[in-house]
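Spelled out, the chains give:
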Amino acid sequence: MTQDHALPPDILPSDILLSGVHTVDESWIDLYGHMNMVRYVALFDEIGYALMEQWGLGETYTRDEGFGLFVVDVAVHYRRELRAGTPLQVALRLLDADDKRLLSLLEIRRADDGTVAATMEQLSIHVDLGTRKVTPFPPALAERLRALAAVQSALPLPPRHRRRLHLAPNPSPAPGEGGAEGASRTG
């Protein structure tokens, strides 16, 4: 491992990561005149992955270390329609972490008034991209992620948000199991 697994000095554990402002593009609009549901999930994936760079888990970590995060479960709640031209931002926080898994909460917020248009809880696993098997985070990184989750999970959730995903105890895989087939990159 070559990476320093400390948070950058300008990011506090209580900071919910927030993207820059994006604008709903006309091409994202569906037959009903609002942003198509697939675009919500695409934004969560694309922007969330970029935000994870600030936790040391983005493209740099994957490229330099040969590990990545695969999404294995999501719970999306669409709360408000978005129309072409609406400014938005994506927020990311960590709800829970253990030696091999992360549970994060992403929000799409209107950038003009801050209202939450959608939320997505996302369960990701840490994978060795060489073997395609689930593997523990490096100990210092796992410790930092658990500490970050302890702080961020205590912050108020978006109004009316109900947690849908939780880290259940991780059972030992059966012989021959442990691969990460069918999962996708986190976002």
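Computed from a predicted model, the values in this text were never measured in an experiment.

Turning our attention to the packing of aromatic side chains. Tallied over the entire structure, the rule returns two aromatic pairs. Taken together, a centroid distance of 5.1 Å and an interplanar angle of 85° make the contact between tyrosine 40 and tyrosine 78 edge-to-face. Placement of tyrosine 40 in helix H1 (residues 37-52) and of tyrosine 78 in strand E3 (residues 67-78) is noted, with a sequence separation of 38 residues between them. Assessed through its relative accessible area of 4%, tyrosine 40 is described here as buried. A relative accessible area of 35% means that tyrosine 78 is categorised as partly exposed. For the ring pair tyrosine 61 and phenylalanine 67, a centre distance of 6.4 Å and an interplane angle of 25° mean the geometry is stacked. Tyrosine 61 gets classed as buried once you look at its relative accessible area, which sits at 1%. Given the relative accessible area of 14%, phenylalanine 67 is considered buried. The ring of tryptophan 28 has arginine 39 lying over it, and the distance from NZ or CZ to the ring centre is 4.3 Å.

When pLDDT is averaged along the protein, the result is 87, and 84% of the positions lie at 70 or above. Per-residue pLDDT stays below 50 along residues 181-187; that stretch engages in 25 contacts with residues further than four places along the chain or on separate chains.

Moving on to unusual backbone geometry. Within the chain, arginine 132 stands out as a residue other than glycine whose phi angle is a positive 60°. Take arginine 132: it is sitting in the loop between strand E6 (116-128) and strand E7 (133-134). Positive phi, normally seen in glycine, also occurs at arginine 160, with a value near 65°. For arginine 160, the location among the structural elements is in the loop between helix H3 (139-152) and strand E8 (184-185).

Basis of the calculations
- Residues numbered from 1 in each chain as written.
- Predicted model: local features only at pLDDT ≥ 70, side-chain atom pairs only at ≥ 80, totals over all residues.
- Heavy atoms only, no water.
- Phe/Tyr/Trp six-rings, centres within 6.5 Å; stacked < 30°, edge-to-face > 60°.
- Helix = DSSP H or I, 4+ residues; strand = E, 2+ residues; numbered from the N terminus.
- Buried < 20%, exposed > 50% of the residue type's maximum accessible area, 1.4 Å probe, protein only.
- Lys NZ or Arg CZ within 6 Å of the ring centre and 35° of its normal.
- pLDDT = per-residue confidence, 0-100.
- Contact = heavy atoms within 4.5 Å.

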